[in-house]
Every structure is written in C-alpha cells, then in structure tokens.
Amino acid sequence: MKKALSVILALIMMLAVSVSISGCGQQAEDPQVKCENGIFVGTAEESGVLSFKGIPYAKQPVGDLRWKAPEAPDASDETFDAKEYGNTSIQYEWHSEPASYNEIGEDCLSLNVWTKDTETKGKPVMFYIHGGGFSWGGTADPLYSGEPVVQENEDIVVVTCNYRVGAMGCIDLTGVEGGEEYPDSRYLCVLDLMQGLKWVKENIEGFGGDPENITIFGESAGGAFVSILMATPAAEGLFQHAIAQSGSLNLTFSAEDFKEAGQTEALMEKTGAQNMDDLMALSEEELIEAYTTYDEEGNCINDITNMPLRGDGSVIPEDPYKSLEDGTNMDVDFMTGTNADEWRYWINEMGEVEMSEMDEDGIAENLAIYEDYCMQEKWDIASSVCTEDELADLNKFLEVTGEEKKVWQYTELANETAFRIPSIDTAYAHAKAGGNTYMYYFEKKSDNFDFMGACHASELAYVFHNIEETIFSGTVDESLADSMNHCWTAFARTGNPSADGIEWTRYTTEGRETMIIGDDCSMTMKNDPLSEQRVLIEPFVKYYLK
C-alpha cells in the first residue's frame, strides 16, 4: 500500500480495463454467468473455487468520458472472457504495490468475483476496496485474492473492485478553462465505487450472491472509502455491513486542500495544456508519461496525492463525522479498527528498494531517514499548527506511550493522530446515532524485521486467510488467520463478528468495548484500551478535517 510522502504530510497535518474482454469460444467446463452487460466466462480453479476476473462494471472512462462520472455499461448478450485481471489505474511501479506491475490504463473500471458455485443462491457478498494512498494499488495484487476466503467459507461470495486513483480519480479541474463541465473530477473514485456496488446489486445473483446482504470492507485508503460511503447519503441502500480497516473519515480533502496540493497546476505545467480541450486531447500515452515520470528537479505528479473532496458540491458531506452522528446509514452494521504500529510501515517506503532485498547498510539507511522524518519534520509541522498548551499535551503524550526510544514515541503519536483516534471517532459517531458498531485493535507483530511491529496492512493476510502473502504480516499464524477470517465472514453473514467461540461485544459510547487481537494470537475484549493516550490526543480532532 504505497503512500507517497505527500500523503504522510497530509495525515500529519490532520494531526496524514482495458478489461481485455474479447469474444471467446467457451469450453464446456468453463463456468459462465449471464449479466446485464454480457455473458462472462470464468475459470474453475484447482481449489474448486470459480473465479471471474476483469468484468467491466461501467463504461470505460476513455475519450469523452475521461474525468467524467462513471456510466452504467451498455446491455449486451455477447460472450466475453473473464479469466484475467483488468487494467490497473494509471500509476508508476512501486515495490510494495504488486498491482502497479500489472498493465495500467485509463480503462480500469473492472471487478472480480470468486464463488464456490453459481447454483447455490443467497450467499453473503464481501466487496473489497483496495488501499494505496489514493494514488496506487489495484485488484491484481495477489494479497487481495478472494480464492482463500471462498475456500475457507463456501457460502461467501467475494468481489474486489478497481477504481480510478490519483489524478484520474481525484483532481480539481474546476478552475481550469472549460473545467465547469467536470464538476465530479474531485471525487470520481467514490463515484466509481458506488457504480461498482450498483453493478453488484444488479448482477451478483448470477454468481450465487445475495444483493441484499453486501458487506463493503477495505484497508488504508480502502478503509477511508468504507468510512466515507458510510457517511454519504447517496450511498444508502448499496450495502448492509461495512468494515473499515486502518482508514477513516479524516482522509478527505476540502476545496482549499486541493489548491494547496497543487496537482492540477503541476499537470497543466508538465503537459503544456492551457485548458480542458488541451487536456482531453492528450493521448493516453502522453498522459501516462506526464503523470508518472520524474522531472529534472525530482518531482513526479503521481507523488502529489489528493484525497476525495468533502462538501462544495461533493456527494461527501462537509462534516462526515456529523453526517454519521445524524444517522446516515444508521441501519448498516459497522466494524472498524487499526493496528498497533501502523506508522512503522513507512520505514519500508523510505527507499526505492524493498527492505527484504537490501543489505544491512540499506536497511540502516531507511531507518535513519525514518527517524529523521519522525523526530524533525513531524514536530516542525505539529509546532506550526498547535498552541503552546497543545504542544505541552503532546509532550505529555510522548511520556506516557511506554516507549523508551524517541523515534518510537513519535511513531506512536502518528499512530494515534492519523489512524486510531480518527477510527475511534468514526465508531463513536455511528454508535452515538444508534448504529450497531464493533471495534478491534490488532497487535500481532510481523517477524519480517524486529522493528516493524504490527505495522499498517499487516492484518490483511489474516483477514483474507492468505497465509502465503507475507509482505506485510511476516509469517502468518494459521490459527489466528482462521479466527480472524471467521469473525470477518460471520460479520458479513449477520452483522455480528462473534465466531469460533469468540464473543465480540458491541462498541458503545459508554464502554468503548474493543476486541484486542494480541501478539500472542489471543482475542479478548477490553474497555477503552490506551485510554490515557486517547484522552490526551482527542482534543486534536479539530485538525482531522482542515
């Protein structure tokens, strides 16, 4: 889940297809499903799971549809291959984002479905939204395969959905000459996901899924999208359950944030475009070249990360926390949580090479860059936005973290301000409105490196029961993977994550009940964990939404 340093700065300031579908001659043993926009022929995997990949859920956003809201695909009776992942949204290659090595393109609006069979009907549907800092990622990442989930739970249907990332899915074109024709450009990524959910509601019965029992779940930017959809009135009725992992409502932009980020200006300057006609005239190749390559000063537009717009005409309310408190999607069962050492993930992001491929000197260099960043830039930014009394509270926070080294104290500050407290506040808002709410805190440490801890994304292999994908989690404890996967799928079935004899208590505004997923692989309930840290940090909520 690559997060550009610009994303990290934004978080801290908050205190941060072609679907290659061609007519095909089907084989008798290949599964096929009739959908509104075609008959899709998938693959019967050796595991016994049926997979359907690269299915378009919208007209592809090319030509006149570039930077336009997604449109439903045309009805069709043609037969198409659905055996390969569709294109990944435009981005440059990055070592922690395997999907970035897949074919990229503007024509990226596709999804994938895994099911045990198409005859059994009424199966709960789990709709996954990938992360990637709003600028990277895609469903071709093997970590997100739905096959292990369906192997473990034959009554579940899994869907993974691509959406436009970076400047293709989230850029402010309203100030460009002719840009008044592109009012949705600042939150296209959200509209893409809503269209994907609409397609699923209309077509998932053919795969055995229940269109009235859909769970959206996602991690990082994907967790933010889940939270955003929870707070968005226009998304009501598209899903019945929601799980936000390590991403909350703080990950949104105001119109002023877009201007400050400067992505639009950078794109205009690099392409030489003077107006929207010039931007629309760019070939896909020219657009990719301009967007993903570095200039002589070492700048790349792909690194200027934008988040979806709230307010100012967006489908996302100006104050999404208040929208939840006021009862938006109150009938949706909601689960959210974070990892104990989220910020340590970025140690791996400080260099161009994955740490597993580095020598000791390279790893030491990454750690040094990370330490300088946490202890200098972070405090400089905090000092620029906080009062003297608030800085005193931050100093007190550093003293109560239980960490001995300053770098890990500052890391814990980032964990709290960027991830855990915003997640708590999102859960609190839904519970306050009367919504059925659950919370977790994941402490299982990765053994990839002794300094990574329970870093960002390390829970994903457990949730997906994908024990071979150790990029973030390290060696996966299969027993814990069983328990977590069963809790997530139990929630998808019923809206209650209790499973395997594990009693998961609802989160309330009084008790703040939280499931602690321990480093010892235990799963136990605790009221208001790390309460002293929470009390010290919560006053900074005003910085979440700038």
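I will try to describe carefully the structure that is included in this document. Remember, it's a predicted structure, so these values are computed and weren't measured experimentally.

Calculation notes
- Residues numbered from 1 in each chain as written.
- Predicted model: local features only at pLDDT ≥ 70, side-chain atom pairs only at ≥ 80, totals over all residues.
- Heavy atoms only, no water.
- 1 Å grid on protein atoms, 1.4 Å probe; cavity = no way out; pocket = protein on both sides within 12 Å on 5 of 7 lines; lining within 4 Å.
- Points joined across faces, edges and corners; volume = space filled by probe spheres on them.
- Helix = DSSP H or I, 4+ residues; strand = E, 2+ residues; numbered from the N terminus.
- Nonpolar A, V, L, I, M, F, W, Y, C, P; charged D, E, K, R; others polar.
- Core = buried A, V, L, I, M, F, W, Y, C linked by side-chain atoms within 4.5 Å.
- Buried < 20%, exposed > 50% of the residue type's maximum accessible area, 1.4 Å probe, protein only.
- Axes fitted to C-alpha atoms, helices over the stretch in contact; angles between N-to-C directions.
- Parallel < 35°, antiparallel > 145°, perpendicular 65-115°, else oblique.
- Left-handed = near helix turned anticlockwise from the far one by under 90°.
- Contact = heavy atoms within 4.5 Å.
- Salt bridge = Lys/Arg side-chain N within 4 Å of Asp/Glu carboxyl O.
- Pairing = 2+ DSSP bridges.
- Right-handed = clockwise from strand over helix to strand, strands pointing away.

**Some details on empty space enclosed by the protein**
Then, number 1: Looking at the largest cavity, its volume works out to about 80 Å³.
Then, number 2: Taken together, Thr338, Arg420, Ile424, Met439, Tyr440, Tyr441, Tyr507, Arg512, Thr514, Asp528, Pro529 and Arg534 form the lining of the largest cavity.
Then, number 3: Elements represented by at least two residues in the lining of the largest cavity include exactly helix 12 (406-432) and strand 12 (437-442).
Then, number 4: Sorting elements by how many residues they give to the lining of the largest cavity places strand 12 first, with three residues.
Then, number 5: Classifying every residue of the lining of the largest cavity gives six nonpolar, two polar and four charged.

**Points about the nonpolar core**
Then, number 1: Within the largest apolar cluster, 165 residues are counted, with the highest numbers of intra-cluster contacts made by Trp67, Phe127, Phe239 and Trp488.
Then, number 2: Counting residues per element, this core draws most heavily on helix 12, which supplies 12 residues.

**Describing unusual backbone geometry**
Then, number 1: Located in the positive-phi region is Trp67, a residue other than glycine, with phi close to 60°.
Then, number 2: Within the fold, Trp67 resides in the loop between strand 4 (50-56) and strand 5 (76-81).
Then, number 3: A positive phi angle is found at Ser246, which is not glycine, with a value near 55°.
Then, number 4: Position of Ser246 relative to the elements: it lies in the loop between strand 10 (241-245) and helix 5 (255-261).
Then, number 5: By relative accessible area, Ser246 is classed as buried at 1%.

**Concerning the packing of helix 11 (residues 388-400) against helix 12**
Then, number 1: One can describe the packing of helix 11 onto helix 12 by two numbers: an axis separation of 9 Å at closest approach and a directional angle of 115°. It follows from the interaxial angle that helix 11 and helix 12 lie roughly perpendicular. Like other packed secondary-structure pairs, helix 11 and helix 12 cross with a definite hand, here right-handed. Across from Leu394, Phe397 and Leu398 in helix 11, the residues of helix 12 making contact are Lys406, Gln409, Tyr410, Glu412, Leu413 and Glu416.

**Here we look at the pattern of salt bridges**
Then, number 1: Inspection of the entire model under this criterion finds 19 salt bridges.
Then, number 2: Across the pair Arg493 and Asp155 runs a salt bridge whose closest N-O atoms are separated by 2.7 Å. Taken as a pair, Arg493 in helix 14 (residues 478-494) and Asp155 in the loop between helix 2 (147-152) and strand 8 (157-161) lie far apart in primary sequence, 338 residues in all.
Then, number 3: For Arg493, a relative accessible area of 30% gives the class partly exposed.
Then, number 4: Taking the shortest distance from any N to any O, the salt bridge between Arg420 and Glu416 comes out at 2.6 Å. One end of the pair, Arg420, and the other, Glu416, are both in helix 12, four residues apart, so they sit about a helical turn from each other. Accessibility assignment for this pair places Arg420 and Glu416 in one class, buried.
Then, number 5: Among the ionic contacts, a cluster of salt bridges with common partners joins Lys59, Glu71 and Asp74.

**Quick word on the sheet that holds strand 2 (residues 37-41)**
Then, number 1: One open sheet accounts for three strands, arranged 1-2-5; its pairing is mixed. At either end of the open sheet lies a strand with only one pairing partner, and these are strand 1 (32-35) and strand 5. Averaged over all pairs of adjacent strands, the angle between strand axes in this sheet comes to 20°, irrespective of strand direction.
Then, number 2: Pairing of strand 2 with strand 5 involves four bridges; the strand directions are parallel. Bridge pairing in strand 5 places Ile39 opposite Thr79.

**Observations regarding the pairing of strand 1**
Then, number 1: Burial of the side chains of strand 1 is restricted to one face: Val33 and Cys35 are buried, whereas none of Gln32 and Lys34 on the reverse face is.
Then, number 2: By the bridge criterion, four bridges tie strand 1 to strand 2 in an arrangement that is antiparallel. Among the inter-strand pairings, Cys35 is bridged to a residue of strand 2, identified as Gly38.
Then, number 3: The turn joining strand 1 and strand 2, which pair antiparallel and follow one another in sequence, is formed by one residue.

**Some points on the pairing of strand 8**
Then, number 1: Where burial is concerned, most of strand 8 is hidden: five out of the five residues are buried.
Then, number 2: Of the two faces of strand 8, the one carrying Val157, Val159 and Cys161 and the one carrying Val158 and Thr160 are both buried.
Then, number 3: Inspection of the sheet shows strand 6 (residues 110-115) paired to strand 8 by four bridges, in the antiparallel sense. Residue pairing in the sheet places Leu111 in a bridge with Cys161 of strand 8.
Then, number 4: Here strand 7 (residues 123-129) runs beside strand 8; their pairing, made up of five bridges, is parallel. Directly across from Phe127, in strand 8, lies its bridge partner Val159.
Then, number 5: Viewed along the sheet, the connection from strand 7 through helix 2 into strand 8 turns out right-handed.

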